[in-house]
Amino acid sequence: MSETTVVKFGTDGWRGIIADDFTYENVRVAARAIALYVLNHEDAKAGVCVGYDTRFGSRSFAKVVAEVLAGAGIPVWFANKITPTPELSFAVRELKAAGGVMITSSHNPAEWNGVKYKASYGGSGKPSQIAAIESYLLKPLALAAVPAKIEEMDFAPSYVAALESFVDLKAIKESGYRFLIDTMYGAGKGYIAGIFGRAGIPYVEFRSELNPAFPGINPEPIMPHIAATRVAVVAEKCDAGLITDGDADRIGAVDEHGNVVDAHKIFSILLQWLLERKKWPGDVTRAFNTTKMLDRIAAKHGRTLHEHGIGFKYVCDLMLEKDILIGGEESGGVGISKHLPERDGLLNSLLIANVMADEKKTLGELVAALQAEYGEHQYGRIDMHIDEALKQSAIRRAKAGVSDVAGLKVLRVETLDGIKFFLENPACAGKANAAETWLLLRASGTEPLLRVYCESCSAESVELVLAAAKAFVLQGDAA
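All values derive from a computational prediction rather than experimental measurement.

> When you look at the sheet that holds strand S13 (residues 305-308) in this model, what are you seeing that I'm missing?
Hydrogen bonds between backbone groups are what pair the strands of a sheet, and the pairing can be parallel or antiparallel. Read from one edge of the open sheet, four strands run S13-S12-S14-S15, paired in mixed fashion. Strands at the two margins of the open sheet, each flanked by one partner only, are S13 and strand S15 (334-336). In this sheet, neighbouring strand axes are inclined to one another by 15° on average, regardless of whether the strands run parallel or antiparallel. Against the sheet, helix H9 (residues 263-278) touches strand S12 (283-287), strand S14 (324-328) and S15, its axis set at about 170° to S14. Seen against the sheet, helix H11 (residues 312-321) touches S12, S13, S14 and S15 and runs at an angle of roughly 175° to S14.

Below, the structure is given as structure tokens:
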């Protein structure tokens, strides 16, 4: 084996470009490291679950992982068909397995694939676990005298039963609402459609055919990739469009008028429903780049809110340490602890339908009611694919101090994960219960990418601040 490897496990596993760095050889490198981790730190006899999504070669790459694990003497439960990531996590916990491996690159473009590790509790590995896996990347793996068994298994029945028992399908049916289900050519295909079909709930399934090319889109439930969904919801006369990403752990949505309902509003709708309808106990977590509407909802109901870094691993960690009801992130990943310490776009899609049924409101009406009660919160994000020098320049200048953005005075700065400026915004002063205006700059640690986030009391303010932030970044050191 060479002295170095391109395999590097980030916060949610390793990913790479198929046939470039995501090769059979490198997948074996990753699998050997996982096998060594399981042998040294987990109950290897409990076995490992292995699943795969709809991407090119995913089943074949998964088979390579299974063969490496079995060769090391670790039993494998191998998915007998395409598997959503939350289903794999559910199987790990239900089978009391030592862990799980999912072949997916989630919402990335079609040329990407990846390896995710899931821990025995049914969620993303802790940073300490991922660090341990990385420490084994270049170490040799001894073969067992007798390879362990690879047993094909359908992980779906128990997972689907759990989804069906979590929501009130009778109420959804009686509401009369009609839903568009967009699986973005991903692993969620057939799941909600099957549940709704058996329950007699009207639906239209959209982009559910198997197509590893994800034609014209990345399987990420945000614009511009859901432009066709917006049109289809209106054309099909649906009351909501429910969207899952490539491996079905994230959710997106479109209301009955074709308006995008961002992940912040989805999280807020679910939180309010859990607190007011279910009255379940527990704290709330949210990532540093998510809406502060969640803070207002939690405060109204006397719940503690934990703000944390960006990445679902922080939600998972808190769920394992504290009494957490729900937690989530900006990219559409929301987890409910009574289900799994894991994102689940399929469950959250069903829950949105459940909320609509209970509140007797379309998705657009639910959003309007939230804005009326907690103040208008509008959000925007720009992904700036820029060279490393420009990215570092922007972060360096932001850290050095900024007095205003778009003519709006900087009131305070927070640096939990990136650099967040809170701004004095006269346009919000006259609005009742106006949202705070904030801007966040966060550089990717692995690629030449700078993400710019903003929340404010109006869409116009968001556009103004994002435009000024973009100009600030592009000025470079000449500024």
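> Which parts of the structure should I look at to understand the state of the cysteines?
Where two cysteines share a covalent bond between their sulfur atoms, that bond is called a disulfide. If you walk through the whole model with that rule in mind, you get one disulfide. Shown here is the disulfide that connects Cys 428 with Cys 457, its sulfur atoms set 2.0 Å apart. The sign of the -85° torsion about the S-S bond sets the Cys 428-Cys 457 disulfide as left-handed. Residue Cys 428 is located in helix H15 (residues 426-429), and its partner Cys 457 is located in the loop between strand S21 (449-456) and helix H16 (459-475); the two are separated by 29 residues in the primary sequence. Residue Cys 457 is classed as buried on the basis of its relative accessible area of 1%. The thiol sulfur of Cys 316 is not disulfide-bonded, and the nearest other cysteine sulfur, from Cys 49, lies at 16 Å.

> So what exactly am I meant to see when it comes to the environment of Lys 149 here?
If you trace the backbone, Lys 149 turns up in the loop between helix H4 (127-135) and strand S6 (150-153). Not counting chain neighbours up to four residues away, the residues in contact with Lys 149 comprise Pro 75 and Val 76.

> Help me understand the sheet that holds strand S8 (residues 203-206) in this model?
Strand order in the open sheet formed by five strands is S8-S7-S9-S10-S11, with mixed pairing between adjacent strands. Each end of this open sheet is capped by a strand with a single partner; those strands are S8 and strand S11 (260-261). Across four bridges, the pairing between strand S7 (residues 179-182) and strand S9 (residues 240-244) is parallel. Paired with Phe 179 across the two strands is Ala 240, which belongs to S9. Sheet strands touched by helix H12 (residues 345-359): S7, S9 and strand S10 (251-255). Its angle to S9, the strand with the most contacts, is close to 165°.

> I would appreciate a short explanation of unusual backbone geometry in the present structure.
Apart from glycine, the bulk of residues carry a negative phi angle, and the bulk of peptide bonds sit in the trans form. The linkage connecting Met 223 with the following residue, Pro 224, adopts the cis geometry, with an omega of 5°. Structurally, Pro 224 is set in the loop between S8 and helix H8 (227-235). Unlike most non-glycine residues, Lys 237 shows phi in positive territory, near 55°. As for its placement among the helices and strands, Lys 237 is situated in the loop between H8 and S9. Residue class for Lys 237 comes out exposed when judged on its relative accessible area of 67%. Its identity as a non-glycine residue notwithstanding, Ala 248 has a phi of 70°, on the positive side.

> Looking at this model, I keep getting lost on helix H5 (residues 156-166). Mind explaining?
One full turn of an α-helix is made of 3.6 residues, so residues set three or four places apart face in the same direction. For H5, the complete set of buried residues consists of Ala 156, Tyr 159, Val 160, Ala 162, Leu 163 and Phe 166. Down the axis of H5, the smallest arc covering the buried residues is 155°, so these residues share one side. Pointing more than 90 degrees away from the buried face of H5 are the exposed residues Pro 157 and Ser 165. On the buried face of H5, the contacting elements are helix H3 (85-94), helix H7 (191-199), S15 and H12.

> So what exactly am I meant to see when it comes to the packing of aromatic side chains here?
The description of an aromatic ring pair rests on the distance of the ring centres and on the angle between the ring planes. In the structure shown here, the tally under the stated rule is 10 aromatic pairs. Taking 5.7 Å as the distance between ring centres and 80° as the angle between the ring planes, the aromatic pair formed by Tyr 37 and Tyr 117 counts as edge-to-face. With a gap of 80 residues between them, Tyr 37 in helix H1 (residues 24-41) and Tyr 117 in strand S5 (residues 112-119) connect regions that are remote in the sequence. Taken together, the aromatic side chains of Trp 14, Phe 22, Tyr 24 and Phe 61 make up a single cluster linked through ring pairs. Of note, Lys 338 hangs over the ring of Trp 280, and the distance from its end group to the ring centre comes to 5.0 Å. Taking NZ or CZ as reference, Lys 420 lies 4.2 Å from the ring centre of Phe 288, over its face.

> I'm lost on the pattern of salt bridges in this one. Help?
Close approach of charged atoms allows side chains with opposite charge to pair. Counting across every chain of the model gives 31 salt bridges. Ionic pairing is found between Arg 343 and Glu 329, a salt bridge with its closest N-O pair at 2.6 Å. With Arg 343 in the loop between S15 and H12 and Glu 329 in the loop between S14 and S15, this pair connects stretches of sequence that are 14 residues apart. Its relative accessible area of 6% is what places Glu 329 among the buried residues. Across the pair Arg 381 and Glu 330 runs a salt bridge, and its minimum N-O distance is 3.1 Å. With a gap of 51 residues between them, Arg 381 in strand S16 (residues 378-385) and Glu 330 in the loop between S14 and S15 connect regions that are remote in the sequence. The class of Arg 381 is partly exposed, set by a relative accessible area of 23%. One continuous salt-bridge network, built from bridges that share partners, spans Arg 286, Lys 292, Asp 295, Glu 307, Arg 412, Glu 414, Lys 420 and Glu 436.

> Where do I start with the packing of H9 against H12 in this structure?
When two helices pack together, you describe them by how their axes are tilted relative to each other and by the distance separating the axes. Contact geometry of H9 with H12 gives a least axis separation of 10 Å together with a crossing angle of 60°. On the basis of their axis angle, the class for H9 and H12 is oblique. The element H9 and its partner H12 pack so that their crossing is left-handed. Contacts from Ile 266, Ile 269, Leu 270, Trp 273 and Arg 277 of H9 reach H12 at Asn 348, Leu 351, Ile 352, Asn 354, Val 355, Asp 358 and Glu 359. Among the residues making up the contact of H9 with H12, the classes are represented as seven nonpolar, two polar and three charged.

> For this particular structure, what's the right way to read the side chain of Asn 289?
By the element assignment, Asn 289 lies in the loop between S12 and helix H10 (293-300). Residue class for Asn 289 comes out buried when judged on its relative accessible area of 1%. Those residues within four positions of Asn 289 in sequence are excluded, and the remaining contacts are His 264, Ile 310, Glu 330, Tyr 379, Trp 438, Leu 440 and Tyr 453.

> I tried to follow the nonpolar core on my own but got confused; where do I start?
Note that soluble globular proteins tend to have their nonpolar side chains buried in a common cluster. Ranked by size, the top nonpolar core spans 59 residues in total, and within it Phe 179, Phe 196, Ile 326, Ile 352 and Leu 363 carry the most contacts. Considering every element that reaches this core, the biggest residue donor is H12, with nine residues. Those residues in contact with Ile 352 that sit more than four places away from it in its chain are Leu 242, Ile 251, Ile 266, Ile 269, Leu 270 and Leu 363. With 55 residues, the next largest nonpolar core counts Ala 33, Cys 49, Ala 79 and Tyr 121 among its residues.

Definitions and cut-offs
- Residues numbered from 1 in each chain as written.
- Predicted model: local features only at pLDDT ≥ 70, side-chain atom pairs only at ≥ 80, totals over all residues.
- Heavy atoms only, no water.
- Pairing = 2+ DSSP bridges.
- Helix = DSSP H or I, 4+ residues; strand = E, 2+ residues; numbered from the N terminus.
- Axes fitted to C-alpha atoms, helices over the stretch in contact; angles between N-to-C directions.
- Contact = heavy atoms within 4.5 Å.
- Disulfide = S-S within 2.5 Å.
- Buried < 20%, exposed > 50% of the residue type's maximum accessible area, 1.4 Å probe, protein only.
- Arc of directions from axis to C-beta.
- Phe/Tyr/Trp six-rings, centres within 6.5 Å; stacked < 30°, edge-to-face > 60°.
- Lys NZ or Arg CZ within 6 Å of the ring centre and 35° of its normal.
- Salt bridge = Lys/Arg side-chain N within 4 Å of Asp/Glu carboxyl O.
- Parallel < 35°, antiparallel > 145°, perpendicular 65-115°, else oblique.
- Left-handed = near helix turned anticlockwise from the far one by under 90°.
- Nonpolar A, V, L, I, M, F, W, Y, C, P; charged D, E, K, R; others polar.
- Core = buried A, V, L, I, M, F, W, Y, C linked by side-chain atoms within 4.5 Å.

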